[in-house]
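Residues per chain are reported as follows:
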Amino acid sequence: MNSELPDSVTSRIGVSQTRRYQVTARDIRRFAQAIGATDPVHSDEAYARTTRYGTIVAPPLFCQSLTYDEVPPEQLPADGSPVELAVPIPAQRAVGGGSEYTIERLVRAGEAITVTSTLKDVYTRQGKSGLLYLVVVETRFAAEDGQPVATEVATYIKRV
Amino acid sequence: MTTPRAVLAGASLPVPLPELAVTPDHTQLFMFSAVTWNRHHIHYSKDAAVAEGLPDVVVQRALLGNFLARLLTGWLGEAGELRELSWKVLSSATPGRTLRCQGDVIGREADPAAPGLRCEVRIIDEHGTLIAAGKAKLVLHSLPS
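Residues numbered from 1 in each chain as written. Chains lettered and ligands numbered in written order. Predicted model: local features only at pLDDT ≥ 70, side-chain atom pairs only at ≥ 80, totals over all residues. Heavy atoms only, no water.

**Section: the layout of surface pockets**
Part 1: Taken as a whole, the largest pocket encloses approximately 1000 Å³ of empty space.
Part 2: Looking at the largest pocket, it is lined by 46 residues, and the ones nearest its centre are V95(A), G96(A), G97(A), I157(A) and V89(B).
Part 3: Elements that contribute at least two residues to the lining of the largest pocket include exactly β2 (93-103), β3 (112-127), β4 (130-142) and β5 (148-159) of chain A together with α2 (26-36), α4 (61-76) and β3 (80-89) of chain B.
Part 4: Sorting elements by how many residues they give to the lining of the largest pocket places β2(A) first, with seven residues.
Part 5: Residue composition of the lining of the largest pocket, grouped by class: 21 nonpolar, 18 polar and seven charged.
Part 6: Within this model, the second largest pocket holds a volume of roughly 640 Å³.
Part 7: Lining of the second largest pocket is provided by 31 residues; of these, D39(A), H42(A), T73(B), G74(B) and G77(B) occupy positions nearest its centre.
Part 8: For the lining of the second largest pocket, the secondary-structure elements that each account for two or more residues are α4 and β3 of chain B. (1 Å grid on protein atoms, 1.4 Å probe; cavity = no way out; pocket = protein on both sides within 12 Å on 5 of 7 lines; lining within 4 Å. Points joined across faces, edges and corners; volume = space filled by probe spheres on them. Helix = DSSP H or I, 4+ residues; strand = E, 2+ residues; numbered from the N terminus. Nonpolar A, V, L, I, M, F, W, Y, C, P; charged D, E, K, R; others polar.)

Shown next, in the form of structure tokens:
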């Protein structure tokens, strides 16, 4: 199964990091612009008050903007890839493989979100051009009352 | 266009969703890397991307997911919300190329307490290459009684 993986990798599976962010209307507006979402419920408070939400809400996958830890640049891998993927495997080239994203409710401007990032799994698969390492990271997003807002399980593919 | 309510009420499945065409450019990739604080060089340096065997800088996995989310929420409007979305990246997408985001409603849960729809979604580039494919679950808001 995972015979290619050293103990230094398997011992990290299940390890979590937690951070907390205050979400602002500006964060939501910028995320909406970046994905090309033009619905004014993401940017116009007066309009948003007339909707069922009563305030500015984020696009459904907004919590992706809270996923990667903002470590100082010198702590990033040489390719700038997120530290969440930086497990000690003999493969450096990373690409995004896939995602399973669950939305409990839309994030509102002004609320604090607690982010818990966990290395869920690392496994290998034989690809067309050699051995692939798949790194699975789960990120849970919770509101101040502890209730879940969203969860993403993302798979990254690393090649030698 | 068949509305979400009409699909829930019994329209013959599958029901195709209105296609969303997007053409991400370098500016959009830059903005998305910035708002997600994704500093991975394959999204901004063509030299680095090519050195890693990629055709050019590549559209982020997460941004592809947001295009699919826009496909779904654009059709839903105020009728409901996206509850689950899963997708796999099957081929690299590069800036300047048009991506056609498509989907079909393939199932419905008519339970009045939790009405929902299940969809298949995909992104195809201008050459017909399948860039991403996935599934989604939508929940419809209860109608006022």
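Once you've had a look at it, read on.
**Points about the interface of chain A and chain B**
Part 1: Contacts between the two partners involve 44 residues from chain A, matched on the other side by 34 residues from chain B.
Part 2: When the two sides are added together, the surface that chain A and chain B hide from each other amounts to roughly 3000 Å², 53% of it contributed by carbon and sulfur.
Part 3: Across the chain A-chain B interface, the total number found is one salt bridge.
Part 4: In this structure, the salt-bridge partner of E152(A) is R61(B), at a minimum N-O distance of 3.2 Å.
Part 5: For the pair chain A and chain B, the number of links is 19 residue pairs in polar contact (both at pLDDT 80 or more).
Part 6: Put simply, the parts of the chain that give the side of chain A that touches chain B at least two residues each are α2 (25-35), β2 and β5 of chain A. (Contact = heavy atoms within 4.5 Å. Buried area = accessible area lost by both parts, 1.4 Å probe. Salt bridge = Lys/Arg side-chain N within 4 Å of Asp/Glu carboxyl O. Polar contact = N/O pair within 3.5 Å; in protein donor to acceptor, adjacent residues only side chain to side chain.)

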